[in-house]
Amino acid sequence: MIYVKMFGPFSLSYGGVTVSETDNRMKKVWRLMKYIAAKRGSVVHRDELIRIVGSSDNADNISSLKTMMHRCRNTIDQLKHPNGRSLILQKEDGYCWNPAVPCAFDADLFCKYADAGDDESEGGKTQSRLKALEIYTGFYLGRAFEELPDLAKDIQEMHLKYIALFEKCAKQLEARSEYELLSKISESAISIDPYQEVFHYHLIRSCIDLGDHEKALRCYDRVNLLFNSRFRVKPSDRIRSLYRYIISDRQPLVADISDLIEEILKDPDNNKPLACDFDTFKAVSLTYLNRLRGANGARFALFTVAPKNGSVHPGKKQLERAAADLADTIQNCAGPRSVFTRYGAAQFAAIIFETEMRALETLDLIRSSFSNLDRSSPLTLVIESKQF
């Protein structure tokens, strides 16, 4: 039986031999195999495959597709499977995965164990869910959102299924005090997707429950640095509450007020605006606005990175770089009487606690500084603002 691995790098295995997209530079060939495997059970029309591999619209398209399918079969031949060449069949006006050749798909096994975990007894649920988590070794189809945009929804849904499964399993392991195992699956989940807070939360909590506060503190420092450097925000309050619990064990039972004030005032960034998550942004903003009500001393601004007129919509990486540049620009231009947060993939919200004139001067400085970063960029900064 051929084992088809669709989580992480796509690969085929048989009789101790594995061929993987990581071992081959023929990206379009592997893209074809991945797409046909994902569409198993149906015939994929040749026009659809031509579009998937990005061929131009000319008379040689069909010939080029046949050549690539020949290379697909040559790659599969390396497995030495007796029916390997018939694994992908030409049928009607397209191609399909041959259901007559026995195959085991890790994605099917994952779904089988994940769904079984909802139907079995309490003890069996955990074991089935753990098997499913073990199978999920990376994003479905290697997170090929840009490479295979037609399958983006499938990739996202599979990952959401994994996250939901992790949370169910974590809850069961906590109830059974199996903290070592919970720590292990949390570490594995973080290696797959380091930007899911739920994975970090359960890792830190399991370390606390195991009594290893030093490791818990290191794990908190890691997620704090990760989120601050990538999104310019701090972890959620749920994670920060674990941090406060950890350090409370190190604090004296009775603190001196002078020591407390010194701890608060030693922030090295006290001359810069506050970058925070959206919940903290709301809390800080409402507190200050209640104090400033009627004083005409705060301006709300929404910053949006958008394509210039006539420009194509930017790719995910380009948009992420622009968002990071915008966060740095706000950080450098806004003063300490400001608070800002990331609101979306390409948006930041801010409140500037200054007079209207000074706030507008700050917004102009942010606009000009951002535009000067890369004048050839297809992106521009749109700023909307209102006085509270």
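Check the entry above for the structure.
Residues numbered from 1 in each chain as written. Predicted model: local features only at pLDDT ≥ 70, side-chain atom pairs only at ≥ 80, totals over all residues. Heavy atoms only, no water.

A. Looking closely at the overall build of the protein. Looking only at helices and strands, the protein features 14 helices and 12 strands. Summarising the internal contacts of the protein: among those between residues at least 6 apart in sequence, 66% fall at separations of at least 24. (Helix = DSSP H or I, 4+ residues; strand = E, 2+ residues; numbered from the N terminus. Contact = heavy atoms within 4.5 Å.)

B. Region of interest: the layout of surface pockets. For the second largest pocket, the calculated volume is near 620 Å³. Taken together, 22 residues make up the lining of the second largest pocket; nearest its centre are Arg143, Arg230, Phe231, Lys316 and Glu320. Secondary structure elements with two or more residues in the lining of the second largest pocket: α9 (213-231), α13 (316-333) and β10 (338-344). (1 Å grid on protein atoms, 1.4 Å probe; cavity = no way out; pocket = protein on both sides within 12 Å on 5 of 7 lines; lining within 4 Å. Points joined across faces, edges and corners; volume = space filled by probe spheres on them.)

C. Highlighting the sheet that holds strand β4 (residues 44-45). Within the open sheet, the three strands sit side by side as β4-β6-β5. Their pairing is antiparallel. Across the chains shown, the open sheet's two edge strands, defined by having one partner strand only, are β4 and β5 (88-91). Sheet strands touched by helix α1 (residues 27-38): β4, β5 and β6 (94-97). Its angle to β6, the strand with the most contacts, is close to 70°. With respect to the sheet, helix α3 (residues 61-77) is in contact with β5 and β6, its orientation differing from that of β5 by roughly 150°. (Pairing = 2+ DSSP bridges. Axes fitted to C-alpha atoms, helices over the stretch in contact; angles between N-to-C directions.)

D. Local environment of unusual backbone geometry. The backbone of Leu141 sits at a positive phi, close to 60°, despite the residue not being glycine. On the secondary structure map, Leu141 appears in the loop between α5 (122-135) and α6 (152-175). Phi at Arg143 is positive, roughly 55°, even though this residue is not glycine. Tracing the backbone shows Arg143 in the loop between α5 and α6. Residue classification places Arg143 among the partly exposed positions, given a relative accessible area of 38%. (Buried < 20%, exposed > 50% of the residue type's maximum accessible area, 1.4 Å probe, protein only.)

E. Just the packing of aromatic side chains, in detail. In this structure the tally under the stated criterion is 11 aromatic pairs. Between Tyr162 and Phe199 the ring centres are 5.9 Å apart and the planes differ by 65°, which places this aromatic pair in the edge-to-face class. Taken together, the residues Tyr162 in helix α6 and Phe199 in helix α8 (residues 197-209) connect sequence positions 37 residues apart. Of the two residues examined, Tyr162 and Phe199, each falls in the buried class. (Phe/Tyr/Trp six-rings, centres within 6.5 Å; stacked < 30°, edge-to-face > 60°.)

F. Structural context of α13. When the terminal C-alpha atoms of α13 are compared, their 26 Å separation across 18 residues agrees well with the 26 Å that a helix rising 1.5 Å per residue should span. Taken residue by residue, α13 has Leu319, Glu320, Ala322, Ala323, Leu326, Ala327, Thr329, Ile330, Gln331 and Cys333 as its buried positions. (Expected span 1.5 Å × (residues − 1).)

G. Structural view of empty space enclosed by the protein. Enumeration according to the criterion identifies one cavity of 30 Å³ or more in this entry. Of the pockets and cavities examined, the largest cavity occupies roughly 50 Å³. Looking at the lining of the largest cavity, the elements that each hand over two or more residues are α3 and β6. In terms of residue count, the dominant contributor to the lining of the largest cavity is α3 (three residues).

H. View of α6. The terminal C-alpha atoms of α6 lie 35 Å apart, and with 24 residues this matches the ideal 34 Å at 1.5 Å per residue to within 8%. Every buried residue of α6 is accounted for by Ile155, Met158, His159, Tyr162, Ile163, Leu165, Phe166, Cys169, Ala170, Gln172, Leu173 and Glu174. Looking one or two residues beyond α6, the residue adopting positive phi is Ser177, at roughly 60°.

I. Layout of the packing of helix α7 (residues 179-192) against α8. Across the interface, α7 lies against α8 with an axial gap of 8 Å and an inter-helix angle of 150°. Between α7 and α8, the crossing angle belongs to the class labelled roughly antiparallel. Crossing of α7 against α8: the hand is left-handed. For the pair formed by α7 and α8, the contact residues are Tyr179, Leu182, Ser183, Ser186, Glu187, Ala189 and Ile190 on the first element and Phe199, His200, His202, Leu203, Ser206 and Asp209 on the second. Of the residues in the contact of α7 with α8, the class split is six nonpolar, five polar and two charged. (Parallel < 35°, antiparallel > 145°, perpendicular 65-115°, else oblique. Left-handed = near helix turned anticlockwise from the far one by under 90°. Nonpolar A, V, L, I, M, F, W, Y, C, P; charged D, E, K, R; others polar.)

J. Examining the side chain of Ser20 more closely. Checked against the element boundaries, Ser20 lands in strand β3 (residues 17-20). For Ser20, the side chain forms a polar contact with the side chain of Thr22, separated by 2.9 Å. Not counting residues up to four positions away in its chain, the partners in contact with Ser20 are Pro9, Phe10, Ser11 and Trp30. (Polar contact = N/O pair within 3.5 Å; in protein donor to acceptor, adjacent residues only side chain to side chain.)

K. Focus on the pairing of strand β2 (residues 11-14). The sheet contact formed by strand β1 (residues 2-5) and β2 spans three bridges and is antiparallel. Considered in β2, the bridge of Lys5 is made with Ser11. Counting the residues in the hairpin turn of β1 and β2 gives five residues, including Gly8, whose phi is positive at 80°. Note: β2 against β3, four bridges, orientation antiparallel. For Ser11, the partnering residue across the bridge sits in β3 and is Ser20. Counting the residues between successive antiparallel strands, the hairpin from β2 to β3 contains two residues, one of them, Gly15, with a positive phi of roughly 55°.

L. Representation of the pattern of salt bridges in the model. Across all of its chains, the model carries 17 salt bridges by this definition. In this structure, Asp77 engages Arg85 in a salt bridge whose closest nitrogen and oxygen atoms are separated by 2.3 Å. A residue is classified by how much of its surface remains accessible, and Asp77, at 26% relative accessible area, is partly exposed. Between Glu178 and Arg176 there is a salt bridge; the shortest N-O distance is 2.8 Å. Through salt bridges with shared partners, a single network forms among Glu21, Arg31, Lys34 and Glu147. (Salt bridge = Lys/Arg side-chain N within 4 Å of Asp/Glu carboxyl O.)

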